[in-house]
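Residues per chain, in single letters:
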Amino acid sequence: MTEKIIIDTDPGIDDAFAIFYALRSSEIEVLGLTTVYGNAPIAQTTHNALALVERAGVACPVARGAEGPLEIECRPYPAMVHGEDGMGGVSPATVSGSVVEEHAVDFIIQAARANPGDVTLVPIGPLTNIALALQKEPDLPKLIKRVVLMGGAANANGNVTPAAEANIIDDPEAAEIVFAADWEVAMLGLDATHDVKLTRERVAVLAEKGGDLGAFLQQASAQYFAFHQDVVGLDFCHFHDPSALIYCVRPQFFSAQASSVRVVTQGFAAGKTIAKPNTRFTAQDGWDNRARVEVCLSADGPAVLDHYLHVMSAG
Ligand code: BDR
Ligand code: CA
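Residues numbered from 1 in each chain as written. Chains lettered and ligands numbered in written order. Predicted model: local features only at pLDDT ≥ 70, side-chain atom pairs only at ≥ 80, totals over all residues. Heavy atoms only, no water.

Trainee: Please give an account of the pairing of strand β4 (residues 119-123) that cites residues and values.
Mentor: Counting buried residues in β4 gives 5 out of 5 residues, a clear majority hidden from the surface. Burial along β4 is two-sided: Val-119, Leu-121 and Pro-123 and Thr-120 and Val-122, pointing in opposite directions, are all buried. Here 3 bridges tie β4 to strand β5 (residues 144-150), and the two strands are oriented parallel to one another. Its bridge partner lying in β5, Val-119 is registered against Ile-144. (Buried < 20%, exposed > 50% of the residue type's maximum accessible area, 1.4 Å probe, protein only. Helix = DSSP H or I, 4+ residues; strand = E, 2+ residues; numbered from the N terminus. Pairing = 2+ DSSP bridges.)

Trainee: Give me the site of ligand 1: which residues, what numbers.
Mentor: Ligand 1 sits among Asp-14, Asp-15, Asn-39, His-82, Ile-124, Met-150, Asn-159, Glu-165, Ala-166, Asn-167, His-240 and Asp-241. A distance of 3.0 Å is found between an oxygen atom of ligand 1 and a side-chain nitrogen or oxygen belonging to Asp-15. Contact between ligand 1 and Asn-39: an oxygen atom at 2.9 Å from a side-chain N or O atom of the residue. Bound to the protein, ligand 1 loses 95% of the 280 Å² it would expose on its own. Where the shell around ligand 1 is concerned, the elements lending two or more residues are α1 (13-24), α7 (166-169) and α12 (240-249). The class makeup of the residues in the shell around ligand 1 is 3 nonpolar, 5 polar and 4 charged. (Near = heavy atom within 4 Å. Polar contact = N/O pair within 3.5 Å; in protein donor to acceptor, adjacent residues only side chain to side chain. Areas by Shrake-Rupley, 256 points an atom, 1.4 Å probe, with all protein chains shown as cover. Nonpolar A, V, L, I, M, F, W, Y, C, P; charged D, E, K, R; others polar.)

Trainee: Residues and numbers for the pairing of β5, please.
Mentor: The buried count for β5 comes to 6 of 7 residues, which makes it a mostly enclosed element. Judged from the 4 bridges that link them, β5 and strand β6 (residues 184-188) form a sheet pairing that is parallel. Of the residues in β6, the one forming a bridge with Met-150 is Leu-188.

Spelled out as structure tokens, the structure:
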């Protein structure tokens, strides 16, 4: 049985690694890509999504989504991390495909209605589209199998502020709506993705064995490596978004703790995800009747990376 998924994405260099993996995996059926602002403006992330699908040579619908957060001002786009074009300077100037007519929110709702109980939503950008879909179709949790999202940090520091990870701080109100809904969520946050360390050596092997897509990812990731080296002081990259896709089919590579999660929406800790393990007592109200969240706390990094290379090298 393949996993039917929708990837809600803001490509994004690590989004590109994730999308190519999902399109290549024989265990995953990608029903579509829905786009969101985040690593670049919505026009650019949508252009990049179309370019990635075209490059992969597959027929995969792309639906354009939200251009900004629900309530707050859009944060400056992180050109320092992903490049001005969100793709490390290698996004093609033109694409031949075009987006579907439906807005991303309607695409998600329609796909869920057409496949009740079968669709896994995989958001790897800000959670705006998912929150809007919940507001438009309150029965969405009954129609969706589960959500596997890249975002947040339970015990680790954030990567934008000491408190907050990028996808959550981009739209904390949307994230709070997602973690408050009555559904199953797996949270692939920095606690786990920081264990998955992509080196230049691994990317060189990917370029050698992964054909045209591997070579493209090597070019796109030069900027990502430079950011990690020059700004963060690391000689590897964190493999954030692909980890969420790999969790869908290889959860055994990750350790997780069943929890409730709430999001700080204001103040200097805005975007902080606070996890309460189900086994812990609290005297505070507000932690019940929320999403049942598997908070991933660690990952077997080499196993994740070996699996990625295996899938990208096959065929
Ligand atoms: C997340 O933020 C974005 O920059 C990446 O694409 C990833 O989704 C990591 O914090
Ligand atoms: Ca992303």
